[in-house]
Structure formats: C-alpha cells, structure tokens
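Structural characterization, general
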Amino acid sequence: MINRILKRTPQGFLLIINLLALVLLIFQRPELQKKTLTYFGLFIVGLYISNLILKKLSSGDNYILLMVQLLISLGVIMIYRINPEMGMKQIIFSGIGMFFFFVTYYIMKLIKNWQNYIWLYVVLSIVLFIMTLVFGQRIGGAKNWISLGPVNFQPSEIIKILYVFFIASFYVNRERIKVNLMSFGNGIFEKLKNKLEHKLKEKPKFIKKIFLNRFEDKLITIFFMIIGYSFIVFLFMQRELGIAMLFFLVFNSIVYVYEPNRKIILINIIGAVLMLVIGYYLFSHVKVRMDIWLDPWADINGKGYQIVQSLFAIASGGFFGTGLGVGNPDYVPEVHTDFIFVAIAEEMGIFAAMAIILLFMTIIYRGIKISLNQKDKFLKIVALGITTTIGFQTFIILGGVINMIPLTGITLPFVSYGGSSLVSNFISLAILQFASEEIDSEEVEVDGKKQGQKA
C-alpha cells in the first residue's frame with residue numbers, strides 16, 4: 001500500500017515533499033502539539049486525495065493543480081515557520097479553497113451559456129465596488145476590505161473573475177450588442193428628427209449618415225471601453241492602485257488579441273501614462289512608493305526600510321539558503337503577505353526562488369496552451385484572462401520585492417498568506433480546469449478512416 005502511494009508519480013512526489021517538510025518542522029519545533037500535527041496531516045492527505053478525485057472527474061489538464069499545490073505547500077511551510085498561528089489558518093484557508101475549487105468546477109459544468117450573462121457580471125461588480133466604498137475599511141492607504149463579523153474579505157478578488165467574464169462575454173456577443181446599440185441609437189435619432197423635422201427638413205438623413213452609420217463600429221468600441229475603464233476608475237476611488245494596474249494589464253492583453261480596432265492599443269497606452277501621472281500626484285502613498293523605487297537607500301531606516309531589508313534578506317540567503325528556521329525573515333515588514341517570496345529566498349535559497357518562478361511560468365504556459373486549443377470562444381478568452389491575471393499578479397509582486405518596479409500591495413498567488421485571495425485563486429483555477437477539458441474533437445483521417453482526435 002505504501003509503495004503504491006509513494007510510487008514515482010507527481011502526486012507521490014508532492015506527498016514526499018510535504019512529509020519531509022513536516023519532519024523538518026518537527027525537528028525545528030519539538031513542542032508541536034497534537035492539534036498542529038493533525039492539521040498538517042489532514043493538509044497533506046487532503047492534497048493527495050484531491051488529486052486522485054480530480055483525476056477521476058476531469059479529462060483536462062490535471063498538472064496545473066499539482067503545481068499549485070506545490071506552491072501552496074511551500075507557502076504553508078514558510079508561513080508556519082514565521083507565525084505558527086497564521087500557518088494553521090493558512091491550512092484552513094487551503095482546505096476552504098480546495099472545497100470551492102470542486103464546487104466551482106461542478107457549477108461550471110452544470111450551468112450553460114455563461115457568455116449570455118454579461119450584464120449580470122457588470123451589475124455584480126458595481127454592487128461589490130459600492131459596498132467597498134461605503135462599508136470598506138482602509139488598510140495601507142487603500143479602502144479594499146469588508147468585514148462581516150469575524151470574516152474579512154476583499155471584494156476585488158471576486159471582481160477579478162467577474163471582470164474576465166465580462167470581457168469574454170463582450171467579445172462573444174459583440175455583434176449582437178452592436179445591433180442593440182444601433183437600434184437604441186436609431187430610436188433616439190428618430191425622436192430627434194421628429195422634433196427638428198420642420199426646421200431641418202432633409203438634413204436629418206444626412207446627419208444620420210454621418211454621425212450614426214459612419215461610426216457604427218466605433219460606438220461599440222467606445223461602449224466597451226467605458227465599461228472596461230469604469231472598473232479601473234472604481235479601483236482608483238478605493239486607492240487600490242496595485243489591483244487597478246492588474247486590471248489594466250489583463251484588459252489590454254485581451255484587447256490586444258481580440259480587438260479588431262488596433263488604434264485602441266495606442267489609446268490604452270496613453271491612458272496608462274495618464275493614470276500613472278494622476279496616481280502620482282493625487283495619492284501620496286503612490287508618490288512615496290515611486291520615490292522608494294527610485295532610491296530606497298535615501299531613507300534606509302524610514303520609508304525605504306522594507307524594500308532594503310528585502311534585498312538584504314535575498315542576498316543573505318545565497319544559492320542554498322540559510323536553512324528553514326535559521327534566517328531572519330521577520331526583519332521584513334509584512335513578510336507573510338507581500339514579501340513571502342523574500343522569506344523563501346532567504347531560508348531556502350535562490351534555487352528555491354527560481355523553482356517558484358519556473359512553477360509560475362509553467363502554469364502560465366499551460367494556461368496559454370489551454371486558451372489556444374480551446375474551440376469555444378468564451379472559454380478561450382476566459383482561459384487567457386485567468387492566465388494573464390495570475391501571470392501579471394506574479395510579475396507585479398515579484399518585480400516589486402526585488403525593486404525592479406514600484407512596490408504594490410498585492411499578494412503572490414497561492415503562496416502568500418490570505419483567505420480571500422487564496423479562495424478566489426482556487427475559483428479561477430477551477431474555471432481554467434473546466435476550460436482545459438472542454439476542447440472540441442476534430443475528425444482526422446487515419447488509414448482511410450475518420451477518427452476523433454483532441455485538438
């Protein structure tokens with residue numbers, strides 16, 4: 001039985017890594033209680049069983065979940081080493097996330113025609129934005145948390161998914177929306193013509209030709225841009241500029257691939273420059289982060305303390321790290337959330353940090369492959385949106401902690417401490433899992449016979 005469990009499979013490899021990590025923690029902390037060991041045991045068994053269940057349920061790409069679980073394992077180990085109480089909570093968050101993974105996967109299979117609910121995605125997002133502005137709590141300069149009793153969550157984590165669904169729904173239903181907009185425009189024009197007919201006589205036809213028919217394609221693009229940018233404006237109002245940048249990058253990635261009007265790309269670039277300038281002069285904490293990025297050593301014991309300690313920690317780890325429990329990651333403020341990558345680099349070394357980057361790169365590669373192979377346009381765009389969300393979020397936070405780009409307050413997916421971010425990432429992963437198996441079969445001719453083949 002043990003040989004079967006530990007045989008050379010990815011699941012067995014993940015199980016061995018977690019068991020070795022648990023043994024190491026026992027040596028580091030001999031005072032571990034039975035409750036802690038029980039939680040870790042359930043965590044390890046849960047990861048193994050969830051892979052077996054997914055293998056039975058899904059014919060899609062089952063390796064993405066394995067790579068994500070390896071990232072979660074590294075995160076749990078490091079968070080527990082920094083703060084045992086947070087480590088225990090992260091195990092619970094991981095279990096909740098896995099539960100929502102399977103629930104979301106089942107819902108995606110159960111409900112059809114997700115592309116038809118475009119207005120539902122917009123309305124739900126606006127409601128969540130308004131709730132955040134009215135009831136939200138301001139943390140670190142941004143008003144982005146809502147408290148419901150003992151539960152705290154970030155609505156923006158849910159809106160990330162709704163945003164991708166909105167963009168995908170728009171491009172699937174572009175022509176139908178254009179017809180509806182033109183019908184609405186014609187109705188307004190007819191009312192205007194009736195009021196002005198005695199003055200303009202034949203001119204209304206000319207006006208209609210110039211201002212309505214000529215700009216038919218541009219009207220639908222303007223409509224899309226207004227709604228798409230309204231999400232980013234709401235985030236600006238919350239001062240959640242890190243997530244706003246993430247939304248902007250995801251929006252433009254999908255627009256670059258699917259928007260027929262190429263001038264929109266240039267408009268978006270100009271919009272990015274304007275948002276950067278406005279954010280710099282409008283929000284004091286953005287100006288501080290820009291100054292720190294340009295010269296963190298100017299105020300090493302003040303504003304630049306966090307990023308400087310981050311660089312020191314990475315440097316002190318070397319290639320192989322100081323060893324789990326031997327480093328000083330607690331010198332870096334917010335190390336369990338924004339700077340968890342730094343803690344891993346210090347105690348597990350540059351090689352472990354490179355392994356994390358390679359894992360994310362592989363997840364992104366497989367996500368793009370799913371998008372390319374998918375025949376359903378809605379799922380194709382959703383897969384691209386989710387993949388770019390994970391990819392850009394990873395780049396933004398990793399680039400920030402090594403001072404390659406200005407630091408923003410977002411988390412490293414699946415690794416950083418946090419409940420709402422981890423659950424929303426699992427929901428996104430379930431949608432990507434569903435997209436990976438919903439690939440149409442193409443008939444190919446083999447030896448004169450037509451056989452089904454996966455695209």
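This is a predicted model, so every value here is computed, not measured.

Scoring rules and cut-offs
- Residues numbered from 1 in each chain as written.
- Predicted model: local features only at pLDDT ≥ 70, side-chain atom pairs only at ≥ 80, totals over all residues.
- Heavy atoms only, no water.
- Helix = DSSP H or I, 4+ residues; strand = E, 2+ residues; numbered from the N terminus.
- Buried < 20%, exposed > 50% of the residue type's maximum accessible area, 1.4 Å probe, protein only.
- Contact = heavy atoms within 4.5 Å.
- Areas by Shrake-Rupley, 256 points an atom, 1.4 Å probe, with all protein chains shown as cover.
- Expected span 1.5 Å × (residues − 1).
- pLDDT = per-residue confidence, 0-100.
- Salt bridge = Lys/Arg side-chain N within 4 Å of Asp/Glu carboxyl O.
- Polar contact = N/O pair within 3.5 Å; in protein donor to acceptor, adjacent residues only side chain to side chain.
- 1 Å grid on protein atoms, 1.4 Å probe; cavity = no way out; pocket = protein on both sides within 12 Å on 5 of 7 lines; lining within 4 Å.
- Points joined across faces, edges and corners; volume = space filled by probe spheres on them.
- Nonpolar A, V, L, I, M, F, W, Y, C, P; charged D, E, K, R; others polar.
- Patch = residues over 30% accessible without salt bridge, like charges linked within 9 Å, V, L, I, M, F, W, Y side chains within 5 Å.
- Axes fitted to C-alpha atoms, helices over the stretch in contact; angles between N-to-C directions.
- Parallel < 35°, antiparallel > 145°, perpendicular 65-115°, else oblique.
- Left-handed = near helix turned anticlockwise from the far one by under 90°.
- Core = buried A, V, L, I, M, F, W, Y, C linked by side-chain atoms within 4.5 Å.

Our next topic: the overall build of the chain. Secondary structure assignment for the chain yields 17 helices and 5 strands. Across the 455 residues that make up the chain, the buried fraction comes to 49%. For the chain, long-range pairs separated by at least 24 residues make up 71% of all intrachain contacts whose partners lie at least 6 apart in sequence. Total accessible area on the chain stands at roughly 23,300 Å², and carbon and sulfur atoms take up 66% of it.

So, about helix 2 (residues 10–28). With 19 residues, helix 2 ought to run about 27 Å at 1.5 Å a step, and its terminal C-alpha atoms sit 27 Å apart, in line with that. Within the span of helix 2, buried status applies to Gln 11, Gly 12, Leu 14, Leu 15, Asn 18, Ala 21, Leu 22 and Leu 25.

Turning our attention to the confidence of the model for the chain. Residues of the chain with pLDDT of at least 70 account for 84%, and the chain-wide mean is 82. Mean pLDDT across the secondary structure elements of the chain bottoms out at strand 4 (residues 441–446), with 38, and peaks at helix 16 (residues 377–401), with 94. Between residues 440–455, whose pLDDT stays under 50, and residues either more than four places distant or in other chains, the model counts 21 contacts.

This part takes up the pattern of salt bridges. One pass over the full model with this rule turns up 6 salt bridges. Across the pair Lys 89 and Glu 85 runs a salt bridge whose closest N-O atoms are separated by 4.0 Å. One end of the pair is Lys 89 and the other is Glu 85, both in helix 5 (residues 84–110) and 4 residues apart, which spans about a single turn. A residue is classified by how much of its surface remains accessible, and Lys 89, at 37% relative accessible area, is partly exposed. Across the pair Glu 437 and Lys 109 runs a salt bridge whose closest N-O atoms are separated by 2.8 Å. Highlighted residues: Glu 437 in helix 17 (residues 419–437) and Lys 109 in helix 5, separated in sequence by 328 residues.

Mapped onto the secondary structure, Val 415 falls in the loop between helix 16 and helix 17. The sequence separation of Val 415 and Asp 338 amounts to 77 residues, and the corresponding C-alpha distance is 9.9 Å. If we skip the residues at most four places from it in the chain, Val 415 touches Leu 71, Gly 75, Ile 79, Gln 90, Ile 340, Ile 344 and Phe 360.

A separate point is the side chain of Glu 259. Mapped onto the secondary structure, Glu 259 falls in the loop between helix 11 (241–258) and helix 12 (263–282). For Glu 259, a relative accessible area of 2% puts it in the buried group. Within the local environment of Glu 259, its side chain forms a polar contact with the side chain of Arg 174, the two groups lying 3.2 Å apart. Not counting residues up to four positions away in its chain, the partners in contact with Glu 259 are Tyr 171, Arg 174, Thr 221, Ile 254 and Ile 264.

Tracing the sequence through the fold places Ser 73 in helix 4 (residues 63–82). Residue contacts for Ser 73: discarding those within four places in its chain leaves Leu 14, Asn 18, Phe 43 and Leu 47.

Let's shift gears to the layout of surface pockets. As a volume, the second largest pocket reaches approximately 310 Å³. Every residue lining the second largest pocket is counted, 13 residues in all, and those nearest its centre are Ile 17, Leu 74, Ile 77, Met 348 and Ala 352. Residue assignment for the lining of the second largest pocket shows that the elements contributing at least two residues are helix 2, helix 4 and helix 15 (340–373). Residues belonging to the lining of the second largest pocket are distributed by class as follows: 12 nonpolar, no polar and 1 charged.

Attention now goes to a nonpolar patch on the surface. Together, Tyr 106, Ile 107, Leu 110, Ile 111, Tyr 117, Leu 120 and Leu 124 make up a nonpolar patch on the protein surface, roughly 630 Å² of accessible area in all. Per-element tally for the nonpolar patch: the top contributor is helix 5, with 3 residues. Tracing the sequence through the fold places Tyr 117 in the loop between helix 5 and helix 6 (118–135). Taking the relative accessible area as the measure of exposure, Tyr 117 reaches 34% and is therefore partly exposed.

As a packed pair, helix 4 and helix 17 sit with axes 11 Å apart at the nearest point and diverge in direction by 165°. One finds that helix 4 runs roughly antiparallel with respect to helix 17. Here helix 4 and helix 17 pass one another in a crossing that is right-handed. Along the contact surface, helix 4 presents Ile 64, Leu 65, Val 68 and Ile 72, while helix 17 presents Leu 422, Phe 426, Leu 429 and Leu 432.

What follows deals with helix 16. Between its terminal C-alpha atoms helix 16 stretches 36 Å, which fits the 36 Å expected from 25 residues at 1.5 Å a residue. Between the side-chain oxygen of the N-cap and the backbone nitrogen of Phe 378 there are 3.2 Å, and the N-cap of helix 16 in question is Asp 376. Just downstream of helix 16, Asn 403 is the residue with a positive phi angle, here 65°.

Moving on: the nonpolar core. Judged by nonpolar contacts, the single largest core of 124 residues is most densely connected at Phe 101, Phe 165, Phe 166, Ile 232 and Phe 426. Setting aside chain neighbours within four positions, we find Phe 166 in contact with Ile 118, Tyr 121, Val 122, Phe 224, Ile 227, Gly 228 and Phe 231.

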